[in-house]
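Here's the letter readout for the chains.
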Amino acid sequence: MKEEHFLVSTSPHIRSAEDIPKIMYAVIIALIPVAIASIYFFRLWAIKLMAVCIITAMGTEDIFQRLRKKDITVFDGSAIITGLLLAFILPPSLPLWAASLGTFFAIALGKQIFGGLGYNIFNPALLGRAFLMATFPVLMTTWTKPFSLDVVTSATPLAQMKFAQSFVSHQSLFLGNVSGSLGETSALAILIGASFLLIRKIIDWRIPAGYLGTVVLLSSIFWFIDPKGFADPLWHLLAGGLILGAFFMAPDMVTTPVTKRGRWVFGIGCGLILIVIRSWSGLPEGVMYSILLMNAITPLINRFTHPRIFGEQK
Amino acid sequence: MKIMSDTVKMIAVLTIVGLISGGFLTFVYEQTISKAERKSLESLRKAIFVVLPEAVDYQELKLADQILYQGIDKSGQKVGLAFLVEGSGFQGKIEIMVGVDQDLSRLQNIQVLESVETPGLGGKITDQEFQDQFKGIAARPKITYVRNRNPVTPKKPGEIDAITGATISSKAVADMINKEIVRVWEALQ
Amino acid sequence: MRQYILFKDALKGLWKENPVFRQLLGMCPTLAVTNAAIFGLSMGLATFFVLLCSSIIISIFRRVFPHQVRIASFVVIIATFVTVVDLFLKGNFPEISKALGPYVPLIVVNCLILGRQEVFASKNPLHRAVADALGMGIGFTLALIALASIRELLGSGTIFGVQILTLVGEGGRFRPWIIMLLPAGAFLTLGTMIGISNFFTGRAAKKSACH
C-alpha cells in the first residue's frame, strides 16, 4: 500500500471553507481604503512605491520557490500583502531601489529562508522595514509633507513630540494630513479596512484589543500624572503606525500565539513595549520593534498558555 | 606509589609550563610595553596641542579627582586649559580632549580620542566637520544642539548641528562636555 | 605517500574542514571584528600565529603532558602566545589593537585553537601538526578576509580602504549599507555565505550519490 499521511482525530470533524487565497484576498480588500488614502495624500509617490514593492515581493517569491523546487504560490496573495504592507510603512520619498531591496530582504530572509508561508518567525514586512532602518537610517527618516511633490523634509508628529515637545492636532492625525509613512497617516482609512476584517473574523480581535487597550491605559496613567511631559491617550492612539500595526501586522496568523490567552498576552506585551519605547527611548516610534519583539517570544507564549488536556493532572 | 608519581608528574609539568610561559611573557612585556605607553602618551600630547592651538607647552595640574593640562605659549603666558572628558554615547565609551579658555567661557577646540559609535552615523563625531563646529563657541551657559536646522536661520552662540540620524551621539558629546566644564569650574573655585 | 598525507592535512583546512564555513568554530571573532577587511586580516593572522606556535610546542612535547592536566597545559601555552600577540599589536599597531579590542585576548577561548590541539597536534608528529595548523590558520584567515571584504564593500564602498564604489556624497551613486558595519550585518553575511556554500555542496553531494 502506498503510504499516505492520514490525520487521525476524534469526531466531530469540521471542514472550513476558508483557504489561504480566500483569507489573503480579504486582507487585500481591507487594505484598499488605506491604499486610496495614501494615493490621495502622497500622489504619484504612493503609486510608484506600492507597485515596486508588490512586484519585487512576487518576483522574489517566484525565484526562491523555483530554486527550492517548491510549488509556486506567487498568486496566493501573501506576497502581495507583504509588499503592500511594507510600502505602507516606508517614507513616501524613499528611493525605489531601496524599497525594492527592502522587499527582497523581507521575502527572501524574512519568509522563504524559513521555508515559506507558515514557517516564518517574524512578520516579513516589519522585518523588511527593520532591515531598511538599519541600512539606510537617513533615507528612512526623511519625511515629506502630504500633497507636496518635492522632498520637503518635515518631522513626523512623534518626532516633533520627542525632540521639540510640540503636538499636532488630533483632527489632522485622524484624517492623515501629517507627514509619516505612506499608509500610516490616516487613521480613518485604516479603521474602515480593519472593521471589514473584524466583521469577517479574519483577524482575532483579542490582539488589537490587548495592544490598543494597554496603550490607552498606560498613556492615561502617565498623562494623568504629568500632562505636560506625556501625550494624551487619544493622541498616542492616532499618531504613528499604531493603528496600522495593531490591525494589520500584530494579528498576522503565522507569527502570533495560537491560543486565546496567548493572544491577549501578545497584544498586552506589544502595548507595554510600545509605551516604553515612545516615552523613554531614543527612538520616536516603536510599533515595529514592539511587534517584532513579541513575534520572537511567540513560541514561548504558546508553550505557557497551552490548554490543559481534559483530565490532565497539574 | 603509582598514584603518587602521577600526581607529582602532573604538578611538575604544570609548574614548568607555568614558569616558562610566565618568564617568556615577562620578557615580551618588558620589550613592548614601554613602546605602547610611549605611543599612547604621544597621542595624548598631540591632542592637547590640537585643542589648544596657541600652546607650545603644557603643565599638568592635579586637582582632587581630575587632571587639567595648563597650556602655555612661547612667552610663558597661560593660553587655556585642556582636559579629558569621558562619557557614554549610543554604543559605548566616548573619550574627548577638550580645550577651553582660561576662564572656561569659550571652547577652543575638541578632539575625539576614542569612540565606538555606529560607523557612518554616530561614528561621524570623529569627522573633522563635526569637531570643527566646536571651534571657538561659547561654553556658557551651555552647549546646545539642533536637529535638521533650517539652513537660513543663523546659529545661536554655543549651538552645534546634530548629525543627521545620530542625535543621541551628538547629544552625548554636548552633554558630557557641559558636565565636565561645570565640574572643572567648581573644582577651580 | 608521506608528502601526500601532509598535503591532505594542510588542504583540508582550506575548504573541506574550513573552520568558519564547515566547522563553525571561532564564531566570536568571526562575527565581531569583520567590518573592515584590514581587521579581518589582522584577526586572522593573530589567530594563525597562535595556532601555529601552540601546535608546534604541543606536538613536540605531546608525550610529556599527563592526560589529566593536558587541557590545562594547552590553555596556558595558548594564553602565552595570545598575550604575546596582544602586546605586539599594542606596541606596534595601536590603532588596530584598539579596533580589535577585547577580541585579541579572547583568542584564548577560540575553540578552533584548543580543538586543533586536542584533536590533532597532541596526537600527531610535528610535521603533520604544522601542516594542519597552516591549513586551518590560512583557511580561517581567508574566510575572515572574505567575510570582512563583503561587509566593508557594502558598508563603506571600500575594500582594504581602497574606494571601489563611489559614494553619493562624492559624486557617485552608492549609498553605504550601514547594517553591514553593525553586528547584524555579520550574521546576515555569514549566514548567506554558509547558505550558498551548503547549497552548492549539497548539490554536488546529490549528484555524486546519483552516479
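Let us look at the structure shown here. (Residues numbered from 1 in each chain as written. Chains lettered and ligands numbered in written order. Predicted model: local features only at pLDDT ≥ 70, side-chain atom pairs only at ≥ 80, totals over all residues. Heavy atoms only, no water.)

**Structural notes on the environment of Ser156(C)**
Residue and element names in this part refer to chain C. Tracing the sequence through the fold places Ser-156 in helix 7 (residues 126-156). Remark: the alpha-carbon pair of Ser-156 and Asn-35, spanning 121 residues in sequence, is separated by 9.3 Å. The residues touching Ser-156, leaving out its near neighbours within four places in the chain, are Arg-151, Gln-163, Leu-167, Pro-176 and Leu-181. (Helix = DSSP H or I, 4+ residues; strand = E, 2+ residues; numbered from the N terminus. Contact = heavy atoms within 4.5 Å.)

**Comments concerning helix 7 (residues 187-199) of chain A**
Residue and element names in this part refer to chain A. Between its terminal C-alpha atoms helix 7 stretches 18 Å, which fits the 18 Å expected from 13 residues at 1.5 Å a residue. For helix 7, the set of buried residues is Ala-187, Ala-189, Ile-190, Gly-193, Ala-194 and Leu-197. All buried residues of helix 7 lie within an arc of 160° about the axis, which places them on one face of the element. At its buried positions, helix 7 is contacted by helix 1 (20-67), helix 6 (170-175), helix 9 (233-238) and helix 10 (242-249). A positive phi of about 60° marks Lys-201, the residue just after helix 7. (Expected span 1.5 Å × (residues − 1). Buried < 20%, exposed > 50% of the residue type's maximum accessible area, 1.4 Å probe, protein only. Arc of directions from axis to C-beta.)

**A word on unusual backbone geometry**
In this structure, Lys201(A) is a non-glycine residue whose phi angle is positive, near 60°. For Lys201(A), the location among the structural elements is in the loop between helix 7 and helix 8 (206-225). We classify Lys201(A) as exposed; its relative accessible area is 70%. Despite not being glycine, Leu104(B) has its phi angle at roughly 60°, a positive value. Of note, Leu104(B) is situated in the loop between strand 4 (93-100) and strand 5 (107-115).

**Section: the interface of chain A and chain C**
Contacts between the two partners involve 12 residues from chain A, matched on the other side by 9 residues from chain C. Both faces considered, chain A and chain C share a buried interface measuring about 850 Å² in area, 77% of it formed by carbon and sulfur atoms. Across the contact surface, chain A and chain C share 0 salt bridges. For the pair chain A and chain C, the number of links is 2 residue pairs in polar contact (both at pLDDT 80 or more). Ranked by the residues each element gives to the side of chain A that touches chain C, the list is headed by helix 3 (residues 96-110) of chain A, at 4 residues. Taken together, the residues of the side of chain A that touches chain C break down into 10 nonpolar, 1 polar and 1 charged. (Buried area = accessible area lost by both parts, 1.4 Å probe. Salt bridge = Lys/Arg side-chain N within 4 Å of Asp/Glu carboxyl O. Polar contact = N/O pair within 3.5 Å; in protein donor to acceptor, adjacent residues only side chain to side chain. Nonpolar A, V, L, I, M, F, W, Y, C, P; charged D, E, K, R; others polar.)

**Observations regarding the pattern of salt bridges**
Oppositely charged side chains can form a pair if their charged atoms are brought close together. Tallied over the entire structure, the rule returns 18 salt bridges over all chains. For Asp62(A), the salt bridge goes to Arg66(A), with nearest N and O atoms at 2.8 Å. Here Asp62(A) and its partner Arg66(A) are both found in helix 1, 4 residues apart, which amounts to about one turn of the helix. For Lys12(C), the salt bridge goes to Asp132(C), with nearest N and O atoms at 2.8 Å. Linking Lys12(C) in helix 1 (residues 2-12) with Asp132(C) in helix 7, this pair joins segments that are 120 residues apart in sequence. Exposure remark for Asp132(C): the relative accessible area of 1% places this residue in the buried category.

**A closer look at the sheet that holds strand 5 of chain B**
Residue and element names in this part refer to chain B. Strand order in the open sheet formed by 5 strands is 1-2-3-4-5, with antiparallel pairing between adjacent strands. Bordering the open sheet on either side are strand 1 (57-62) and strand 5, each of which pairs with just one other strand. Geometrically, the sheet is characterised by an average inter-axis angle of 25° between neighbouring strands, direction not taken into account. Where strand 2 (residues 67-72) meets strand 3 (residues 78-88), 5 bridges bridge the pair, whose relative direction is antiparallel. Within strand 3, the position partnered with Gln-70 by the bridge is Leu-81. In this fold helix 3 (residues 167-188) packs onto strand 2, strand 3, strand 4 and strand 5, with an angle of close to 125° to the strand it touches most, strand 3. (Pairing = 2+ DSSP bridges. Axes fitted to C-alpha atoms, helices over the stretch in contact; angles between N-to-C directions.)

**Description of the state of the cysteines**
The tally for this structure, following the rule as stated, stands at 0 disulfides over all chains. In this model Cys111(C) remains outside any disulfide bridge; the closest cysteine sulfur is found in Cys28(C), 9.1 Å from its own. (Disulfide = S-S within 2.5 Å.)

**Some words on the packing of helix 11 (residues 260-280) of chain A against helix 12 (residues 287-296) of chain A**
Residues and elements named next belong to chain A. For the pair helix 11 and helix 12, the least separation of the axes is 8 Å and the interaxial angle reads 140°. Regarding the angle of helix 11 to helix 12, the classification is oblique. You can see that helix 11 and helix 12 cross each other, and the crossing is right-handed. On helix 12, the residues touching Val-265, Phe-266, Gly-269, Cys-270, Ile-273, Leu-274, Ile-277 and Arg-278 of helix 11 are Val-287, Tyr-289, Ser-290, Ile-291, Leu-293, Met-294 and Asn-295. (Parallel < 35°, antiparallel > 145°, perpendicular 65-115°, else oblique. Left-handed = near helix turned anticlockwise from the far one by under 90°.)

These results come straight from atomic positions and should not be treated as a statement about function.
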